[in-house]
Amino acid sequence: MSETAPTRFVRVVAGVIGDARGRILLAQRTGASDLGGLWEFPGGKIDPGESTEHALARELDEELGIHAEVGEAVITVPQLYPDKRLTLDVRHVTRWQGNPRGREGQALLWVPPRKLALYRMPPADRPVVAALQQPDRYLVTPDVGQLTAGLSGAELEAAEQAWLDALERTLAAGICRVQVRSPTADPQRSARLAASAVELCRSASAEVLVNGDPELAARLGVGVHLRSDQLCVYFDRPVGADVPLAASCHTVDELRAAERLGCNFVVLGNVKPTASHPARDGIGWEAFAAMREHVSMPIYAIGGVGIDDMDDARAHGAQGIAAIRGLWAG
Ligand SMILES: Nc1nc2c([nH]c(=O)n2[C@H]2C[C@H](O)[C@@H](COP(=O)(O)OP(=O)(O)OP(=O)(O)O)O2)c(=O)[nH]1
Ligand SMILES: [Mg+2]
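Residues numbered from 1 in each chain as written. Chains lettered and ligands numbered in written order. Predicted model: local features only at pLDDT ≥ 70, side-chain atom pairs only at ≥ 80, totals over all residues.

(A) Region of the structure containing the overall build of the chain. The secondary structure content of the chain amounts to nine helices and 17 strands. Relative to the 2.2 N^0.38 estimate, which gives 20 Å for 330 residues, the radius of gyration of the chain is 22 Å and therefore close to what a compact globule would have. Summarising its shape, the C-alpha atoms of the chain cover approximately 70 × 50 × 35 Å along the three principal directions. Buried residues in the chain amount to 40% of all 330 residues. Long-range contacts, defined here as pairs at least 24 residues apart, represent 61% of the contacts in the chain between residues at least 6 apart. (Helix = DSSP H or I, 4+ residues; strand = E, 2+ residues; numbered from the N terminus. Rg over C-alpha atoms; globule rule 2.2 N^0.38 Å. Buried ≥ 20, exposed ≤ 12 C-beta atoms within 10 Å, placed from the backbone. Contact = placed C-beta atoms within 7 Å.)

Here you go:
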């Protein structure tokens, strides 16, 4: 398959305009282009030499007739379209003057955040909607097999209980999306421990995915997180449409395979060197952004990242960060 990347580069800024009831304003794109009829966050192209803030304020005046104060960053999404490379820089807008109206004939709708995903939007908007709705942190549990290597009897039991206690503290600290992963643990012990972990996550209302094992996931009634080597194993989504599916990716081909399988989100890395592989360079944020533009699923950055990397992650199109050490209350 030959591919020529489009060379036209377009910088766009759009606003998440929220009203007092927490609803968000969507506008319907007019015109007959392939994006015509889709819903979008109001905004438009940044002129050469223009600041992002000025461009958004200008666009919102032109399109909606409001004087807006441009607020905090939501996410910047690099996205490849058939005819252009786009970066969509999205900002919160919570203060404005005037009454938004479609000055260019476009339909407007106020939508509760939880309903945003029901609207047909351009590919770059899927990560934006996910950034507004879904957790920005994805915990991967430390491998119990490694923590308990060489232990037996009461010592083994105590180490497993300590792992569960640390999970409970981590959930109490606000983690609400969890991958249970223990690749080197004894399979039977690990399945029993996973069941206890799932119970803890359920009582904390956290979403759980188990690593690599769709059967165990089905038994426990939770989602599944595929290893990258499993992406070429399945032809179809290995779990039902309403079961969370995620995957680990390192390449654009793996990202595409994950998207084809219908993954709800993926992790991509390693972005930085990790404690377990200090000598191996990370791909860095620029490469992360360049890979993310080929798909439109939400993508967590993984590998040597922690909470302090959140702004960098969002600025390069990541949903947030996925981590073991960086998120574990060990
Ligand atoms: N405003 C906006 N544009 C988006 C979103 N998602 C997305 O892919 N885009 C794309 C569609 C267009 O290719 C580009 C925005 O260009 P535009 O044609 O609306 O720009 P503009 O308002 O400045 O209009 P113009 O200069 O062409 O008259 O960004 C979004 O949520 N909001
Ligand atoms: Mg526009």
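(B) Focus on the UniProt feature "domain: Nudix hydrolase" (unreviewed entry) in the chain. UniProt's feature table lists "domain: Nudix hydrolase" (unreviewed entry) at residues 8-134, given in the numbering used throughout. Within residues 8-134, the helical portion is 17% and the strand portion 38%, while the C-alpha atoms at the span's ends are 31 Å from each other. (UniProt positions renumbered as here; feature names shortened; annotations may be inferred.)

(C) Broad picture of the confidence of the model for the chain. The pLDDT averaged across the chain works out to 95; a share of 99% of its residues lies at or above 70. ipTM for the predicted complex: 0.94, alongside a pTM of 0.96. (pLDDT = per-residue confidence, 0-100.)

(D) Representation of the nonpolar core within the structure. Ranked by size, the top nonpolar core spans 55 residues in total, and within it Ala258, Val266, Leu268, Tyr300 and Ala301 carry the most contacts. In terms of residue count, helix 5 (residues 187-203) provides more of this core than any other element does, five residues in total. With sequence-adjacent residues up to four places away left out, Ala301 is seen in contact with Leu268, Gly269, Val271, Phe288, Ala313, Ala318, Ile321 and Ala322. (Core = buried A, V, L, I, M, F, W, Y, C linked by C-beta atoms within 7 Å.)

(E) Structural detail: the sheet that holds strand 12 (residues 207-211). If you trace the eight strands once around the closed barrel, you get 10-11-12-13-14-15-16-17, paired in parallel fashion. Between one strand axis and the next, the sheet turns by 25° as a mean value, whatever way the strands run. Across three bridges, the pairing between strand 12 and strand 13 (residues 223-226) is parallel. Following the sheet pairing, Leu209 is matched in strand 13 by Gly223. Contacts from helix 7 (residues 252-261) reach strand 14 (245-249) and strand 15 (265-268) within the one sheet, and its direction differs from that of strand 14 by about 170°. (Pairing = 2+ DSSP bridges. Axes fitted to C-alpha atoms, helices over the stretch in contact; angles between N-to-C directions.)

(F) View of the site of ligand 1. Taken together, 14 residues surround ligand 1, and among them Glu40, Gly43, Gly44, Lys45 and Pro122 come closest. Going through the elements one at a time, strand 1 (9-17), strand 4 (43-45) and strand 7 (84-93) are the ones with two or more residues in the shell around ligand 1. Considering each element in turn, the shell around ligand 1 owes the most residues, three residues, to strand 4. Taken together, the residues that form the shell around ligand 1 break down as eight nonpolar, two polar and four charged. (Near = placed C-beta within 6 Å. Nonpolar A, V, L, I, M, F, W, Y, C, P; charged D, E, K, R; others polar.)

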